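# A structural walkthrough
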Amino acid sequence: VNADGPALRVCIVGKTPLRYPFARIARVIAGPRVEWQATALAACQHEGLPIVFLNAAGVPTGYLQSVQGKTSRLHSVLEEMLGRPDWAMHYSHWLRAERMNLLQAWRRARQAAGKDVIEDDFRELVRQHIYRPETETLDLPPHSIEAGALTACTLQTLHLAGLQPRYWGGHGEPLELAADLARLLGLVLHLEMHGMGASLHGENAALLRVLHSFGARLSEHLSHLLGSLHCRFKTQLETWF
């Protein structure tokens with residue numbers, strides 16, 4: 001992958017090079033066999049395009065994100081909250097509450113569509129995602145396209161919202177905002193696509209079409225989650241004054 005003026009140029013052995021204008025790129029997902037030229041990486045940074053790197057198993061191993069130039073009010077609230085000794089507890093409570101909200105919203109949507117949700121199945125979902133200890137939260141199975149796309153979508157949204165992917169508490173504990181939001185989106189996707197959160201299977205092209213169809217809805221969920229976190233932390237900060 002190299003830079004070619006206002007575009008990325010992708011060369012594949014034995015095939016005609018492909019050109020992708022930056023104006024039509026929102027995010028980039030790169031597998032382990034992709035070779036990057038420094039000029040291409042620099043161009044993506046200049047354009048504010050996040051790059052998510054996957055390993056051979058399709059699991060995101062890292063990302064490249066441009067430095068945040070303009071921060072938001074939520075950024076300031078997060079930094080202030082992380083100066084408190086009990087921020088991790090409040091953040092954990094918020095994550096658990098949002099997982100419950102997602103499960104309840106999914107059940108209401110299915111009932112409104114005339115599709116019953118077996119109570120025992122719903123209780124099992126609640127047990128897996130709400131009542132298990134935070135350190136034992138059930139991780140949804142990653143897929144090379146699914147996990148990478150959710151991570152990249154989250155990084156792009158955070159950048160546009162003036163937020164960082166990771167924040168640090170006063171004692172060096174990380175608040176993994178991008179990773180936690182991507183996991184919440186993963187829960188949304190699995191509930192909507194598979195009824196009870198089953199693993200995603202299929203060809204990459206088909207998966208990309210499905211993910212694209214959910215794109216607007218996932219963006220709405222991200223906006224709601226960021227608004228909810230802002231409200232929760234802002235309210236908590238105000239109670240301490």
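Rules used in this analysis
- Residues numbered from 1 in each chain as written.
- Predicted model: local features only at pLDDT ≥ 70, side-chain atom pairs only at ≥ 80, totals over all residues.
- Heavy atoms only, no water.
- Core = buried A, V, L, I, M, F, W, Y, C linked by side-chain atoms within 4.5 Å.
- Buried < 20%, exposed > 50% of the residue type's maximum accessible area, 1.4 Å probe, protein only.
- Helix = DSSP H or I, 4+ residues; strand = E, 2+ residues; numbered from the N terminus.
- Contact = heavy atoms within 4.5 Å.
- Axes fitted to C-alpha atoms, helices over the stretch in contact; angles between N-to-C directions.
- Parallel < 35°, antiparallel > 145°, perpendicular 65-115°, else oblique.
- Left-handed = near helix turned anticlockwise from the far one by under 90°.
- Nonpolar A, V, L, I, M, F, W, Y, C, P; charged D, E, K, R; others polar.
- Pairing = 2+ DSSP bridges.

## A look at the nonpolar core
In this structure, Leu-78, Tyr-91, Leu-177 and Leu-181 are the most contacted members of the largest nonpolar core, which totals 45 residues. For this core, the elements supplying multiple residues, two or more each, are β5 (51-54), α2 (73-81), α3 (87-112), α4 (119-131), α5 (144-160), α6 (177-194) and α8 (215-239). Those residues in contact with Tyr-91 that sit more than four places away from it in its chain are Leu-175, Glu-176, Leu-177, Asp-180, Leu-229 and Phe-233. Residues Val-28, Ala-30, Ala-43 and Ile-51 belong to the second largest nonpolar core, which totals 12 residues.

## Looking at the packing of α3 against α4
Two elements in contact, α3 and α4, have axes whose closest approach is 10 Å; the angle formed by their N-to-C orientations is 160°. When the axis of α3 is compared with that of α4, the two are roughly antiparallel. The interaxial crossing formed by α3 with α4 has right-handed handedness. Residues Arg-96, Arg-99, Met-100, Leu-103, Gln-104, Trp-106 and Arg-107 of α3 touch α4, and the partners they reach there are Glu-119, Phe-122, Leu-125, Val-126, His-129 and Ile-130. Grouping the constituent residues of the contact of α3 with α4 by class yields seven nonpolar, two polar and four charged.

## A short note on the sheet that holds β5
Read from one edge to the other, the open sheet built from three strands follows the order β4-β5-β6, with strand pairing classed as mixed. Looking at which strands have only one partner, the edges of the open sheet turn out to be β4 (28-30) and β6 (60-64). Adjacent strand axes in the sheet meet at a mean angle of 20°, parallel and antiparallel pairs treated alike. Bridging between β5 and β6 involves four bridges; their strand directions are antiparallel. Counted as the bridge partner of Val-52 is Tyr-63 from β6.

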